[in-house]
Amino acid sequence: MSLLIIEAFYGGSHKQLVDLLQEELEDCVLYTLPAKKWHWRARTSALYFSQNVPISEQYRILFASSVLNLTELAALRPDLGKLKKILYFHENQLVYPVKKCQERDFQYGYNQILSCLVADVVVFNSIFNMESFLTSIGKFMKLIPDHRPKDLESTIRPKCQVIYFPIMFPDVSRLACCLRWPLVVPVLPPDSKVSY
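Residues numbered from 1 in each chain as written. Predicted model: local features only at pLDDT ≥ 70, side-chain atom pairs only at ≥ 80, totals over all residues. Heavy atoms only, no water.

Going by an unreviewed UniProt entry, the chain carries the name tRNA-queuosine alpha-mannosyltransferase and comes from Gulo gulo. In its Sequence similarities (unreviewed entry) section, UniProt records this for the chain: "Belongs to the glycosyltransferase group 1 family. Glycosyltransferase 4 subfamily." Database annotation for the chain, UniProt heading Catalytic activity (unreviewed entry): "queuosine(34) in tRNA(Asp) + GDP-alpha-D-mannose = O-4''-alpha-D-mannosylqueuosine(34) in tRNA(Asp) + GDP + H(+)". (UniProt positions renumbered as here; feature names shortened; annotations may be inferred.)

A. View of the packing of helix α5 (residues 106-118) against helix α6 (residues 127-141). Where α5 contacts α6, the axes come no closer than 11 Å and their chain directions differ by 120 degrees. As the angle between them shows, α5 and α6 are arranged oblique. As for how α5 packs across α6, the hand of that crossing is left-handed. Between α5, through Phe106, Gly109, Tyr110, Gln112, Ile113 and Cys116, and α6, the contact on the second element is made entirely by Phe133, Ile137, Phe140 and Met141. Looking at the contact of α5 with α6 residue by residue, the classes come out as 8 nonpolar, 2 polar and no charged. (Axes fitted to C-alpha atoms, helices over the stretch in contact; angles between N-to-C directions. Helix = DSSP H or I, 4+ residues; strand = E, 2+ residues; numbered from the N terminus. Parallel < 35°, antiparallel > 145°, perpendicular 65-115°, else oblique. Left-handed = near helix turned anticlockwise from the far one by under 90°. Contact = heavy atoms within 4.5 Å. Nonpolar A, V, L, I, M, F, W, Y, C, P; charged D, E, K, R; others polar.)

B. Region of the structure containing the nonpolar core. If you look at the biggest cluster of nonpolar residues, it comprises 39 residues, and the most contacted ones within it are Ile113, Phe133 and Ile137. By residue number, the principal contributor to this core is α6, which donates 6 residues. Apart from residues lying up to four places away in sequence, Phe133 is in contact with Phe89, Asn92, Leu94, Gln112, Ile113, Cys116 and Phe124. (Core = buried A, V, L, I, M, F, W, Y, C linked by side-chain atoms within 4.5 Å. Buried < 20%, exposed > 50% of the residue type's maximum accessible area, 1.4 Å probe, protein only.)

C. Fine view of the pattern of salt bridges. Evaluated as defined, the whole model comprises 6 salt bridges. Across the pair Asp79 and Arg77 runs a salt bridge whose closest N-O atoms are separated by 2.8 Å. Take Asp79: its relative accessible area is 26%, and that puts it in the partly exposed class. Note on Arg77: relative accessible area 7%, which makes it buried. When the shortest N-O distance is used, the salt bridge between Arg157 and Glu153 registers 2.8 Å. The exposure class assigned to Arg157 is partly exposed, which follows from its relative accessible area of 30%. On the basis of relative accessible area, Glu153 is assigned to the partly exposed category, the value being 28%. What you see here is one network of salt bridges that share partners, running through Glu131, Glu153 and Arg157. (Salt bridge = Lys/Arg side-chain N within 4 Å of Asp/Glu carboxyl O.)

Take a look at the structure:
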C-alpha cells in the first residue's frame, strides 16, 4: 500500500509532520514545494502537482495539507481523485487572523471548504482549529450574495478527527493498515485553552 504525500508548503510544522510520516510509515512517496508565498501555493499548487506527480497504480492513499486545493487536484487528475484522500489542517482560513474583515480573501476559505467536501477524512491539529472551522462555515457562506449552499457543516463534520501535533502520533502505522486515523483527545483541565 503506497501513501502519496503532497505538501504545497514544505516548511515549519508542515515539514515536521510529513517528515514524521515518512519516518514512521513504509512505502511513502513525497512531493513538495518550498515553504514560501503560501498565497500562491494555495492558488496554483494543484496545477503544478497535477503535472509533476507521475501516474502510478501503487498509490492507495493521498495525504495533503489544506494549503493544497484538493478539489482542483482531483479534477485535474482523476486517478488521484479516486484515492482515499486525507486532508490535514495546520490552520484554517475561516478564522486565521487578518487586520480587517474586508481584507480576508474569500477564495482561500472557500477552497478549504471545497477540499473538505472532496476529502474522505479531514484531520485537525486541535479541537479549537476543528470547531472554529466547522462553526464558521455557515457565517462564511453568507458572504455569497445569493444561491448559497446549505448544510455544509453537517456534511463535513462526520469526516473530521483531531490529532494533536507536533507530539508523536500514537500507532501511526494504523494509517496504512486501517486506512483511517486514530482519534486522540487528551484530557485537559477545565480552565485550559487549546490553540493552534
